[in-house]
Amino acid sequence: MLMLDGKEVRAAFPMAEAISVMADALRGFSSGKVTQPLRSVLAPPSEQGVFAMMPAHVEGLGYGFKAIMHNPGNRARGLGTHIGTVCVFDPVTGELSAVLDGSAVTAIRTAAVSAVATRALAREDAGDLAILGSGTQARTHLEAMRLVRDVRRVRVWSRTAGHARAFRDWAGGRGVAVEVAATAQDALRGADLVCTTTSAGEPVVLPGHLAPGAHVNAVGASVRGARELAPAEVARCRVYVDSRESALNESSDLCDPIAEGLIGEKDIRGEIGEVLLGTAEGRTGPEEITLFKSLGLAVEDVAAGFSIAARARKGGTGADL
């Protein structure tokens, strides 16, 4: 059994490779080559944190799962808010094959999926990037967006101004100039690429905030009851998802405007995998606002797990137990 910590996961799964693996995973999911239930979520009223279990079988790879804990209190401890593990099993014997740091896998694969959606849906000339949120996902999304579009400007907004400045300094150390916006609206003004990576429970993207022609990757608010986008703003968008079933069961960003009659289920234009397969139409005009609501799928973690384990074994990294 191979065990990989976060540093080893990141070394074995560069973002460019992750984007390719996620594109294949999403195509496989939308073509019926993946068996996975809705994630099981435990949110005890006595606890701040949320625990989720996400198993899947991927045709051609095998079985695996992610067990992940979202603990918002970890931010004050200097730890990541998403703690967990990804496990994959030998497709022949069923033996546990690899155990990987789930935080690192989640950070990379989520941004890689957003990059796949951006490449499929954003305008070719898009490059004015607004990032809402300034944590781990903001950092990996900046990296991912720069691989699929020629990013010429970056603005960041965070509810904690010091966190936004820390993100600016981190990006500057990597040669990327970032402007700190005073409000979410200021960050979004004129942006044609948008990544919402917040832990907000109530909308931070309000009616009229999104510019015509923008593409939005809505990454936060991954559990029912949390929202990043106002329902009226969602209604302005051409909507895409990673999974229809997950979106209609787990996303308040979409379920709330449906419940309010602002959009219908038919207004979910397709899964990203369907767009890649050519069975769903993507952007149809330069002024459309496209929205990709990302919830995260077990297939993404399992596909990542197999890819990372194979690359790590080839490179001789990780602990073989």
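Presented here is a report on the structure given in the accompanying data block.

### Considering the overall build of the chain
Here's step 1: When you go through the chain residue by residue, the secondary structure sums to 12 helices and 16 strands.
Here's step 2: The principal-axis extent of the C-alpha atoms belonging to the chain is close to 55 × 45 × 45 Å.
Here's step 3: Out of the 321 residues belonging to the chain, those deemed buried represent 55%.
Here's step 4: Taking the intrachain contacts of the chain between residues at least 6 apart in sequence as the baseline, contacts between residues at least 24 apart amount to 72%.
Here's step 5: Counting only carbon and sulfur atoms, one obtains 51% of the accessible surface of the chain, whose full area is about 13,500 Å².
Here's step 6: Charge-centre separation for the chain: the mean point of 34 positive side chains lies 5 Å from the mean point of 37 negative side chains.

### Some thoughts on the sheet that holds strand β12 (residues 215-218)
Here's step 1: Strand order in the open sheet made by the eight strands is β10-β9-β8-β11-β12-β15-β13-β14, with parallel pairing throughout. The outermost strands of the open sheet, each flanked by one partner alone, are β10 (179-180) and β14 (268-271).
Here's step 2: Relative to β10, strand β9 (residues 153-157) is paired through two bridges, and the arrangement is parallel. Across the sheet, residue V156 finds its bridge partner in β10, namely V180.
Here's step 3: The sheet contacts of helix α10 (residues 252-259) involve β13 (237-241), β14 and β15 (289-293), and relative to β15 the element is tilted by about 120°.

### What about α10?
Here's step 1: Taken together, the buried positions of α10 are occupied by S252, D253, L254, C255 and P257.
Here's step 2: Looking at the residues trailing α10, positive phi occurs at G261, about 80°.

### Examining the nonpolar core
Here's step 1: Formed by 67 residues in total, the largest nonpolar core has its most connected members in M22, L129, L142 and I308.
Here's step 2: Broken down by element, this core gets its largest block of residues, 10 residues, from helix α4 (residues 102-121).
Here's step 3: Ignoring sequence-local partners within four residues, the contact set of L129 consists of L142, M145, V151, R153, V154, R155, L193, V194 and C195.

### Here's the deal with the environment of T160
Here's step 1: Inspection of the secondary structure puts T160 in the loop between β9 and α6 (161-172).
Here's step 2: Separated by 57 residues in the primary sequence, T160 and S103 place their C-alpha atoms 22 Å from one another.

### Examining the packing of aromatic side chains
Here's step 1: Tallying each qualifying case throughout the model produces two aromatic pairs.
Here's step 2: Between F65 and F89 the ring centres are 6.1 Å apart and the planes differ by 35°, which places this aromatic pair in the tilted class. Taken together, the residues F65 in strand β5 (residues 62-70) and F89 in strand β6 (residues 82-89) connect sequence positions 24 residues apart.
Here's step 3: Since its relative accessible area comes to 22%, F65 is described here as partly exposed.

### A short note on the pattern of salt bridges
Here's step 1: Under the definition given, this model contains 23 salt bridges.
Here's step 2: Among the charged side chains, a network of salt bridges with common partners joins K66, R109, E300 and D301.

### What to know about the pairing of β5
Here's step 1: Bridging between strand β4 (residues 50-58) and β5 involves nine bridges; their strand directions are antiparallel. In the sheet register, F51 faces β5, and the bridge partner there is M69.
Here's step 2: Once β4 ends, the chain turns through three residues before running back antiparallel as β5, passing G60 with a positive phi of about 90°.
Here's step 3: Across seven bridges, β5 lies against β6 in antiparallel orientation. Bridge assignment links M69 to a residue of β6, and that residue is I83.

### Some thoughts on the side chain of E250
Here's step 1: As for its placement among the helices and strands, E250 is situated in helix α9 (residues 244-250).
Here's step 2: Residue classification places E250 among the buried positions, given a relative accessible area of 10%.
Here's step 3: Of note is the side chain of E250, whose polar atom sits 3.2 Å from the side chain of R39.
Here's step 4: Leaving out residues up to four positions away in the same chain, E250 has contacts with L38, R39, S222, V223, R224 and L295.

### Observations regarding helix α12 (residues 298-315)
Here's step 1: End to end, α12 covers 25 Å across 18 residues, agreeing with the expected 26 Å (1.5 Å per residue, within 8%).
Here's step 2: α12 sits mainly inside the fold: 13 of its 18 residues count as buried.
Here's step 3: One or two positions beyond α12, positive phi appears at G316, with a value near 70°.

### Regarding the packing of α4 against helix α5 (residues 136-148)
Here's step 1: Where α4 meets α5, the axes come as close as 8 Å, and the angle between the chain directions of the two elements is 40°. Helix-helix and strand crossings are classified by hand; for α4 and α5 the assignment is right-handed. Two secondary-structure elements touch here, α4 through T106, A107, T110, A111, S114, A115, T118 and R119 and α5 through T136, Q137, T140, H141, A144, M145 and V148.
Here's step 2: Broken down by class, the residue content of the contact of α4 with α5 amounts to six nonpolar, eight polar and one charged.

Conventions adopted
Residues numbered from 1 in each chain as written. Predicted model: local features only at pLDDT ≥ 70, side-chain atom pairs only at ≥ 80, totals over all residues. Heavy atoms only, no water. Helix = DSSP H or I, 4+ residues; strand = E, 2+ residues; numbered from the N terminus. Buried < 20%, exposed > 50% of the residue type's maximum accessible area, 1.4 Å probe, protein only. Contact = heavy atoms within 4.5 Å. Areas by Shrake-Rupley, 256 points an atom, 1.4 Å probe, with all protein chains shown as cover. Lys, Arg positive; Asp, Glu negative; His and termini not counted. Charge placed at Lys NZ, Arg CZ, Asp CG, Glu CD. Pairing = 2+ DSSP bridges. Axes fitted to C-alpha atoms, helices over the stretch in contact; angles between N-to-C directions. Core = buried A, V, L, I, M, F, W, Y, C linked by side-chain atoms within 4.5 Å. Phe/Tyr/Trp six-rings, centres within 6.5 Å; stacked < 30°, edge-to-face > 60°. Salt bridge = Lys/Arg side-chain N within 4 Å of Asp/Glu carboxyl O. Polar contact = N/O pair within 3.5 Å; in protein donor to acceptor, adjacent residues only side chain to side chain. Expected span 1.5 Å × (residues − 1). Left-handed = near helix turned anticlockwise from the far one by under 90°. Nonpolar A, V, L, I, M, F, W, Y, C, P; charged D, E, K, R; others polar.

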